[in-house]
Amino acid sequence: MLSLLSWFFPNALVVFAFIFISIYFYIQHNLSYWKRKGVPSPPTHWLFGNFKDAILGRMSAGNLLGKLHKEAGDEPFIGLYVMHKPFFLMRDPELVKQVFVKDFQVFQNRYFAAVKSKDLIASTGLFSINNPEWKYLRMKLSPVFSSGKQKKLFSLMIESSENMRKFLGDQLNENEKVQNVDAYIVSIRYITDVISSLAYGVRTNSFGQDQEFFNRSREPFKKSLIASIVLFVIFFFPVISNFIVLFHTNILGSSTNYFRNLFWDVMNQRERSGNKRGDSIDPLLEIKHERDKLDFDIPDDTLLAQPVIFSIAGTESSSITIAQTLVELAKNPVLQDQVRKNIKEELKEHGFTYEGIKEMKLLYQAISETLRLYPPAPIIDRVALQDYKIPGTDIVVEKGTAVYAALNGLHEDPRFYKEPLKYDPDRFSEERKGDITPCAYIPFGIGPRACIGERVGMLQTAVGLATILRDYEVALNPLYKNGLDPKAIFIEPLDGVKIDFKKISK
Ligand code: HEM
């Protein structure tokens, strides 16, 4: 027995040492990928790479990428690792333009959508779908967002904002105040009603008695540790995302059939009536009729995936923008008064009309500044479809590598903005907006794959804010906590956005 032990231990030690040394060299090799390519890279953690704080839920991925951007001095780009996986972060607006616009042929797809998952509703919406389907769907769906359609949508926005106005008015106390309103949730209700018309062709009132549509539309946003992990994996490790579907069934969860039925009811009714309404149901019906002639498949769930992605991409982004603008104006009552004056003057001259809202220049400047400091989708990604030589260098980004721009970094980069952390809507005034470096401000992304809903997003945000600010002075409630959820990939308040509303006497 003793002789067996005396044989085992020295030999086991050798085996363990060998395994340990092999792992060490394997990690060293993985984490020297960028160094070997001559790409600067910040110090890494042996397991988490540069993403320790995001993986441990201490900081959102968007903020972390922004921080890594800011710490990189004058480098035009840096190499990063999410665990051991290499990612390429662009810091130079010229390079951003080159990759997202000029060399779009190489960067047509998003990295996070690299794999079509079993959940077609999640993975084949316009945001995630790859070519050739993307090009076809984008061409078909673009007319829904044209400037010509904005006017029609504007009247639906006014209708939805009136429901919000009534909701706030009904809650006024004897001092003409509504206190501790979660401005984020109120905005989500208002935006849900705008987007339900555009995306599903149905009118809803999320401030009314029937809350079913609203509650079910929140399904993709339900928070849980599993949901955060799943989102992280889909975003940064899409290749393994099909495995996680095993324990996370699909994006609409228990509401999948509710939305399937609702969508097909509207599609069938519209088909029978033959009327066009200018919403996304019109092109989706066209696609349904011509899909047999295409070289690729457009299954039923891919049709449904389009209203679903419009609802997901269009709701949180504008709602957080409304809420964060209210926060900034609550912090700066002088600026708030100026914005209100601008709103009231235009209302007096044009009424609450499409032409009038377009004239609310200071309001639009404030929204643009909110989108600079709080970009709702702070990470823009693409994947290289072939080896790509970075212009002016010998560095080759290999096929399959994820390429990112971090908006929290670009938008707060002192190379492009004076006093970058100051909330200053005047940056976007006629006189000064020419000073902004092209591509250093891209809250809606850039190039052929930029946000399809930019105009709708700006308009519904402006209508929502004008509706609130014409009637109410806003202040931060004492319970307001200045914090964004560190576990969110995109931007989300940690604990609502608590605002006090005080009715303005006429
Ligand atoms: C304040 C509002 C909004 C912001 C800040 C925003 C931001 C963005 C960003 C940064 C992207 C990625 C762009 C890129 O990769 O270059 C994007 C894509 C997208 N957004 Fe928006 N968005 C907003 C509103 C909307 C609305 C209202 C809709 C629809 C109703 C929408 C639908 C989409 C879709 C479908 C895509 C994917 C486009 C494609 O891949 O072809 N967004 N958005």
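The sections below set out a description of the structure shown in this document. (Residues numbered from 1 in each chain as written. Predicted model: local features only at pLDDT ≥ 70, side-chain atom pairs only at ≥ 80, totals over all residues. Heavy atoms only, no water.)

The next subject is the coordination of the iron atom of the ligand. The sole protein-derived ligand of the iron atom of the ligand is C451 (SG), positioned 2.3 Å away. Tracing the chain through its elements places C451 in the loop between α19 (407-410) and α20 (454-471). (Donors = N, O, S within 2.8 Å, 3.2 Å for Na, K, Ca; no water. Helix = DSSP H or I, 4+ residues; strand = E, 2+ residues; numbered from the N terminus.)

Looking now at the site of the ligand. Near the ligand there are 30 residues, and of these R110, W134, R138, R382 and C451 occur at the shortest range. Between the ligand and W134, the relevant distance is 2.8 Å, taken from an oxygen atom to a side-chain nitrogen or oxygen of the residue. Here R449 contributes a side-chain N or O atom positioned 2.8 Å from an oxygen atom of the ligand. Every element with two or more residues in the shell around the ligand is listed here: α7 (133-141), α9 (183-200), α15 (300-331), β4 (379-383) and α20. At six residues, the largest contribution of residues to the shell around the ligand is made by α15. Of the residues contributing to the shell around the ligand, the split by class is 18 nonpolar, eight polar and four charged. (Near = heavy atom within 4 Å. Polar contact = N/O pair within 3.5 Å; in protein donor to acceptor, adjacent residues only side chain to side chain. Nonpolar A, V, L, I, M, F, W, Y, C, P; charged D, E, K, R; others polar.)

In a structure, side chains of opposite charge can pair up when their charged atoms sit close to one another. Per the counting criterion, the structure on display carries 31 salt bridges. Here D53 makes a salt bridge to R58, at a shortest N to O gap of 3.0 Å. Here K70 and E412 are joined by a salt bridge, their closest N and O atoms 2.5 Å apart. Placement of K70 in helix α4 (residues 61-70) and of E412 in the loop between α19 and α20 is noted, with a sequence separation of 342 residues between them. We classify K70 as partly exposed; its relative accessible area is 41%. Since its relative accessible area comes to 12%, E412 is described here as buried. (Salt bridge = Lys/Arg side-chain N within 4 Å of Asp/Glu carboxyl O. Buried < 20%, exposed > 50% of the residue type's maximum accessible area, 1.4 Å probe, protein only.)

Moving on to the sheet that holds strand β7 (residues 402-406). Sheet architecture is open: four strands sit in the order β1-β2-β7-β4, paired in mixed fashion. Two strands close off the open sheet at either side, each with one partner strand: β1 (77-82) and β4. The mean angle between the axes of side-by-side strands here comes to 30°, regardless of whether they run parallel or antiparallel. With five bridges connecting them, β4 and β7 associate as antiparallel partners. Directly across from V383, in β7, lies its bridge partner A402. (Pairing = 2+ DSSP bridges. Axes fitted to C-alpha atoms, helices over the stretch in contact; angles between N-to-C directions.)

This next bit is on unusual backbone geometry. The omega torsion across N131 and P132 is 10°, close enough to zero to call that bond cis. Checked against the element boundaries, P132 lands in the loop between α6 (120-123) and α7. Its identity is not glycine, yet E176 carries a phi of approximately 60°, on the positive side.

Once that is clear, we can look at a nonpolar patch on the surface. Together, V15, F16, F18, I19 and I23 make up a nonpolar patch on the protein surface, roughly 530 Å² of accessible area in all. By the secondary structure assignment, V15 is in helix α1 (residues 2-30). Owing to a relative accessible area of 48%, V15 belongs among the partly exposed residues under this scheme. (Patch = residues over 30% accessible without salt bridge, like charges linked within 9 Å, V, L, I, M, F, W, Y side chains within 5 Å. Areas by Shrake-Rupley, 256 points an atom, 1.4 Å probe, with all protein chains shown as cover.)

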